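Structural overview for review
Here is what each chain is made of, one letter per residue.
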Amino acid sequence: MSLLQCACASSKTKESPTAVPYSRKHQTTSASPPQNDGLSQGEDNRIHSTMMSSGSFVPDTKHYELYTVIGRGCNDTAGIILTKHIPSSKHIAIKKTNLESCDIDFSVLQNEVILCRQLQHEKVLPILTTFIHDHELWTVMPLMAYGSCKDLIHAYFTNGLSEQASSYILRDTLLALEYLHSKGIIHRSVRASHILVAANGNVCLSGLRDAHSMIQRGRRLRIVHDYPQHFVRSLQWLAPEILEQNLMGYDCLSDIYSVGITACELANGYAPFTDMPVTQMLLEKINGTKPVLADCTTIADLVGEENTNQGHDSGIDSEATNSREITDLANARKFSHHFHNFVEICLEKSLETRPSASTLLGHSFFKHLKKKTSEMLPSLIQPLSPLTDISKLPKAQAGDVDDLAEDINNMSMEEGWDF
């Protein structure tokens, strides 16, 4: 049974666009698009259109040959399984969610599927098909063979990605957010683990389970007051206005704050506020504390202010900041003024001064990007290689979701493939 056949699902998905992927020149907002973002309706769109022609991805378990677990989701109750689509011989990923053990309400999972099937953009991870088999929800998606940006950091770039790699990733993330915001959708969970990289270097934004639409009863609201039900793991990335939960509400610009936190996470190798108790983190954000990039221009202040508990947060935990190794690393590198400024304006506490995704795409931080991400990113994240050869991987038996979940707990990045 397809999940989209559930109550009210079919009527909503009939409105889903199925023609050409979203083009920025169709945008209706008043913000001016950047003059050169290095993208075109070329290879990325053709690949996206091919994958989105999901007529061949039917809700039949016999069409999918499961291999091994490559990740987990839904608060660790779902396994992401590397899979071969037998009719097309394509490598894909399937998220299998055990509905009996999942603590997330079924309507939340259903709404995520409905939303994703209504979206079509080369920078937003598509859902190819969904169906329920026994007590499991199967969600079929393209294989993002490098994994998430968090995987890249954990596997090799433990001290952070280069500025150039970060710039390409952040540009594509903003392109995805620009599209979502034009549709009145607030992502509410932008972070490195939700930014995925395909084998060809294409970057896609995922993690739309906590997304919220500002369009209610045919009208676009100016602000909303809805708060995510499962946002404990996203607290470090959430904007102050969401955490405050007051009558002022929030809008799409809350995602921009999360982009600033993610920028620090990519460049520093850690998310800001990692070492802080939740209450202290909340107070720091409400008081306007801005995390910064850790380099030779900021590390002295960061280390000096640890004992006074004032100023900026580097995105590196306190033990790492006090170590000679991390201090030497920060002193040996210098991020550009454009990168520092990009992070600073993303983390503006005031919504009046925090820019939109469209405005940020014209920021000087992206001016030097003349090529598509798929042409540059693979070389920037060497020596890591994508997961493309699955012939030697063990095959999983259908229904072995409990064994697969146990495999995840025992899995180590160094023991398998490189993301």
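A quick note: this is a predicted structure, and the numbers were derived from the prediction, not measured. (Residues numbered from 1 in each chain as written. Predicted model: local features only at pLDDT ≥ 70, side-chain atom pairs only at ≥ 80, totals over all residues. Heavy atoms only, no water.)

1. A closer look at the overall build of the chain
Note the following rule: Numbering of helices and strands runs from the N terminus; a helix is a DSSP stretch of H or I covering at least four residues, while a strand is a stretch of E covering at least two. In what follows, a contact means two residues having at least one pair of non-hydrogen atoms within 4.5 Å. Only the protein chains shown count as cover for residues, and the accessible areas themselves come from Shrake-Rupley with a 1.4 Å probe.
Tallying secondary structure elements over the chain gives 15 helices and twelve strands in all. Counting only contacts in the chain whose residues sit at least 6 apart along the sequence, the fraction spanning at least 24 positions is 72%. Total accessible area on the chain stands at roughly 18,700 Å², and carbon and sulfur atoms take up 49% of it.

2. Some thoughts on the confidence of the model for the chain
Here is the rule: Across the chain, each position has a pLDDT score giving the predictor's confidence in that residue, from 0 to 100.
Of all residues in the chain, 74% have pLDDT values of 70 or greater, and the mean over the chain is 80. Confidence drops under pLDDT 50 across residues 1–47; counting only partners more than four residues distant or on other chains, this segment forms 89 contacts. Counted against residues more than four places away or in other chains, residues 404–419, with its pLDDT under 50, gives 31 contacts.

3. Describing helix 12 (residues 337–346)
Note the following rule: Summary of the burial criterion: residues with accessible area below 20% of their type's maximum are buried, those above 50% are exposed, and those between are partly exposed, where the area comes from a 1.4 Å probe applied to protein chains only.
Of all the positions in helix 12, only Phe339, His340, Phe342, Val343, Ile345 and Cys346 are classed as buried. In this fold, the buried residues of helix 12 make contact with helix 5 (163–182), helix 7 (253–268) and helix 13 (357–360).

4. What to know about unusual backbone geometry
Omega for the bond connecting Gln382 with Pro383 falls within 30 degrees of zero, at 15°, which places this linkage in the cis form. Within the secondary structure layout, Pro383 lies in the loop between helix 14 (373–380) and helix 15 (401–410). Phi at Arg217 is positive, roughly 55°, even though this residue is not glycine. Here Arg217 is to be found in the loop between strand 11 (215–216) and strand 12 (219–220). Even without a glycine there, the phi angle at Phe273 is positive, about 65°. With respect to the helices and strands, Phe273 occurs in the loop between helix 7 and helix 8 (278–286).

5. Examining the nonpolar core
What tends to happen in soluble globular proteins is that the nonpolar side chains get buried as a cluster. Condition: The definition of a nonpolar core used throughout is a set of buried Ala, Val, Leu, Ile, Met, Phe, Trp, Tyr and Cys residues joined through side-chain atoms within 4.5 Å.
Residues Leu170, Leu174, Leu180, Phe339 and Phe342 are the most contacted members of the largest nonpolar core, which totals 76 residues. Per-element tally for this core: the top contributor is helix 5, with ten residues. Sequence-distant contacts of Phe339, defined by excluding residues within four places in its chain, comprise Glu163, Ser166, Leu170, Ala263, Ala267, Leu293 and Phe365.

6. Quick notes on the packing of aromatic side chains
Each aromatic ring pair is summarised here by two numbers: the centre-to-centre distance and the angle between the ring planes. Condition: Stacked, tilted and edge-to-face are the three classes assigned to paired rings of Phe, Tyr and Trp, where Trp is represented by its six-membered ring and a pair needs centres within 6.5 Å; plane angles under 30 degrees give stacked, over 60 edge-to-face, the rest tilted. Remark: a charge is flagged as sitting over a ring if the NZ atom of Lys or the CZ atom of Arg is within 6 Å of the ring centre and within 35 degrees of the ring normal.
Counted according to the given criterion, the structure contains nine aromatic pairs. Both rings, one in Tyr227 and one in Tyr250, keep their centres 5.8 Å apart while their planes meet at 50°; by these two values the pair is tilted. In this pair, Tyr227 sits in the loop between strand 12 and helix 6 (240–244) while Tyr250 sits in the loop between helix 6 and helix 7, placing the two residues 23 residues apart along the sequence. Per residue, the accessibility class of Tyr227 equals that of Tyr250, and both read buried. Ring centres 5.3 Å apart and planes at 35° place the aromatic pair Phe342 and Phe365 in the tilted group. One end of the pair, Phe342, is in helix 12; the other, Phe365, is in the loop between helix 13 and helix 14, with 23 residues separating them in the sequence. The residues Phe342 and Phe365 share a single accessibility class, namely buried. Members of the aromatic cluster, each reached through a chain of ring pairs, are Phe335, Phe339, Phe342, Phe365 and Phe366. A cation over an aromatic ring shows up here: Arg191 above the ring of Trp237, its NZ or CZ 5.5 Å from the ring centre.

7. Describing the sheet that holds strand 1 (residues 64–73)
Strand-to-strand pairing in sheets goes through backbone hydrogen bonds, with the strands running parallel or antiparallel. Heads up, the rule is: Only when DSSP finds a minimum of two bridges between them are two strands counted as paired. Angular values range over 0 to 180 degrees, each being the angle between N-to-C directions of two axes fitted as lines to C-alpha atoms, with helices fitted over their stretch in contact.
Strand order in the open sheet made by the five strands is 1-2-3-5-4, with antiparallel pairing throughout. Among the strands making up the open sheet, the edge pair consists of strand 1 and strand 4 (129–133). Each adjacent strand pair in this sheet contributes to an overall mean axis angle of 30°, direction not counted. Of the strand pairs in this sheet, strand 2 (residues 78–85) and strand 3 (residues 90–98) are connected by eight bridges, and their pairing is antiparallel. Bridge pairing in strand 3 places Thr83 opposite Ile92. Those strands touched by helix 3 (residues 106–118) are strand 3, strand 4 and strand 5 (136–142), and its axis lies near 150° from that of strand 4.

8. Side note on the pairing of strand 4
Where burial is concerned, most of strand 4 is hidden: four out of the five residues are buried. Looking at chain direction, strand 4 and strand 5 are connected through five bridges and run antiparallel. Each residue of the ladder has a partner; that of Thr130, found in strand 5, is Thr139. Counting the residues between successive antiparallel strands, the hairpin from strand 4 to strand 5 contains two residues, one of them, Asp134, with a positive phi of roughly 55°.

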